[in-house]
Amino acid sequence: MAALPSISHHSPSSSLYPNYQSSPLIFASKSNQDCVCFLAVRSVTYTSRRRLSSHTVPRGLKIQSAATKPAKSPAEEDWKTKREFLLQKRVRSVDVKEALRLQKENNFVILDVRPEAEFKEAHPPGAINVQIYRLIKEWTAWDIARRAAFAFFGIFAGTEENPEFLQSVESKLGKDAKIIVACSAGGTMKPSQSLPEGQQSRSLIAAYLLVLNGYTNVFHLEGGLYTWFKEGLPAASEE
């Protein structure tokens, strides 16, 4: 068996590709990294008509497709499921001025989940940075397929979920810490006419992961750090 990865916008005909599997690939646009989009990257399996003999493949050797997507992580759960969980756990959204007050008066910590480069450029004073997504690092067949998918849309710095996100947060903040999770755009859980289920964002995904893993005082920054800087609230930078 040989696995050939392909990228397509349309579902292939079942008669042409009887054994294909599709899986979503999350990527962040350069213009708005908090807008979560999906692209189908399909792994198509072809079966050779020639039967493999015992001399062709050593006994006990298992052949697997390196382009197969790993199992879905909690961060890749449907937004509807994440939103319902956050509402059930009563995760509260606060605007930027309320967030600043909570930081000053109630010892809340702003957890900035943007990429490290953006954090260094500007961030609220005292904020802690743990990026929830990072640049794709590996070069497996699956990662190469994802890079190709990003490049197809003119994005040559594709990102992937940071597998060390929770571990990094736990090394800096205890489970009872008062946390306001922030990203660029912020997203929202509030329904509207155009967005009946709100808008997913990196900070809301991070809040979901934190609450799912036992954090009990998690708030979300409505409007994101874009609004924070736009309103002229305190900002710091690192060289």
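Residues numbered from 1 in each chain as written. Predicted model: local features only at pLDDT ≥ 70, side-chain atom pairs only at ≥ 80, totals over all residues. Heavy atoms only, no water.

In this section: the overall build of the chain. Each helix and strand in the chain was counted, giving seven helices and ten strands. When each of the 239 residues of the chain is scored for burial, the buried share is 39%. Taking the intrachain contacts of the chain between residues at least 6 apart in sequence as the baseline, contacts between residues at least 24 apart amount to 73%. Surface accessibility of the chain: about 14,100 Å² in total, with carbon and sulfur atoms responsible for 51%. (Helix = DSSP H or I, 4+ residues; strand = E, 2+ residues; numbered from the N terminus. Buried < 20%, exposed > 50% of the residue type's maximum accessible area, 1.4 Å probe, protein only. Contact = heavy atoms within 4.5 Å. Areas by Shrake-Rupley, 256 points an atom, 1.4 Å probe, with all protein chains shown as cover.)

Caution is warranted with low-pLDDT regions, since their predicted coordinates should not be read in detail. On average, the chain scores 75 in pLDDT, and the residues at 70 or more come to 60%. Low pLDDT, under 50, characterises residues 1-58; the predicted model gives this stretch 105 contacts beyond four residues in sequence or across chains. Contacts from residues 152-156, a stretch scored under 50 in pLDDT, to residues over four places away or in other chains number eleven contacts. (pLDDT = per-residue confidence, 0-100.)

A separate point is the packing of helix 5 (residues 165-172) against helix 6 (residues 202-212). Contact geometry of helix 5 with helix 6 gives a least axis separation of 11 Å together with a crossing angle of 70°. Looking at the two axes, helix 5 sits roughly perpendicular to helix 6. In the crossing of helix 5 with helix 6, the sense of the turn from one axis to the other is right-handed. Within the contact between the two elements, helix 5 uses F165, L166 and V169 and helix 6 uses A206, L209 and L210. Here the residues of the contact of helix 5 with helix 6 sort into six nonpolar, no polar and no charged. (Axes fitted to C-alpha atoms, helices over the stretch in contact; angles between N-to-C directions. Parallel < 35°, antiparallel > 145°, perpendicular 65-115°, else oblique. Left-handed = near helix turned anticlockwise from the far one by under 90°. Nonpolar A, V, L, I, M, F, W, Y, C, P; charged D, E, K, R; others polar.)

Time to look at the packing of aromatic side chains. The geometry of an aromatic ring pair comes down to the distance between the two centres and the angle between the two planes. One pass over the structure, following the stated rule, counts two aromatic pairs. Ring plane angle 80° and centroid distance 5.4 Å describe the contact between F85 and Y208, whose orientation is recorded as edge-to-face. Pair noted here: F85 is in helix 1 (residues 79-88) and Y208 is in helix 6, with a separation of 123 residues, a long-range link. The same class applies to F85 as to Y208, namely buried. (Phe/Tyr/Trp six-rings, centres within 6.5 Å; stacked < 30°, edge-to-face > 60°.)

The next point concerns the sheet that holds strand 6 (residues 128-129). Pairing between the strands of a sheet comes from backbone hydrogen bonds, and it takes one of two forms, parallel or antiparallel. The five strands are arranged 4-10-9-5-6 in an open sheet whose pairing can be described as parallel. Edge positions in the sheet fall to strand 4 (92-94) and strand 6, since each of these pairs with one other strand and no more. With three bridges connecting them, strand 4 and strand 10 (residues 217-221) associate as parallel partners. Directly across from S93, in strand 10, lies its bridge partner H220. Where helix 2 (residues 96-105) meets the sheet, its contacts fall on strand 4, strand 5 (109-112), strand 9 (178-182) and strand 10, and the angle it forms with strand 4 comes to roughly 100°. (Pairing = 2+ DSSP bridges.)

With four of five residues buried, strand 9 is to be regarded as a mostly interior element. Across four bridges, the pairing between strand 5 and strand 9 is parallel. Across the sheet, L111 pairs through a bridge with V181, a residue of strand 9. Pairing between strand 9 and strand 10: four bridges, direction parallel. Looking at strand 10, one finds that I180 is bridged to F219. Viewed along the sheet, the connection from strand 9 through helix 6 into strand 10 turns out right-handed. (Right-handed = clockwise from strand over helix to strand, strands pointing away.)

Moving on, we come to helix 6. Along an α-helix, residues three or four apart share an orientation, since each turn contains 3.6 residues. Helix 6 sits mainly inside the fold: ten of its eleven residues count as buried. Taken residue by residue, helix 6 has R202, S203, L204, I205, A206, A207, Y208, L209, L210 and V211 as its buried positions.

Position of H220 relative to the elements: it lies in strand 10. Among the residues examined, H220 registers a relative accessible area of 0% and is labelled buried. Polar side-chain contacts of H220 include one of 2.9 Å to the side chain of S93. (Polar contact = N/O pair within 3.5 Å; in protein donor to acceptor, adjacent residues only side chain to side chain.)

Summarising the sheet, strand 5 and strand 6 pair through two bridges and their orientation is parallel. Opposite L111, over in strand 6, you have I128 as the bridge partner.

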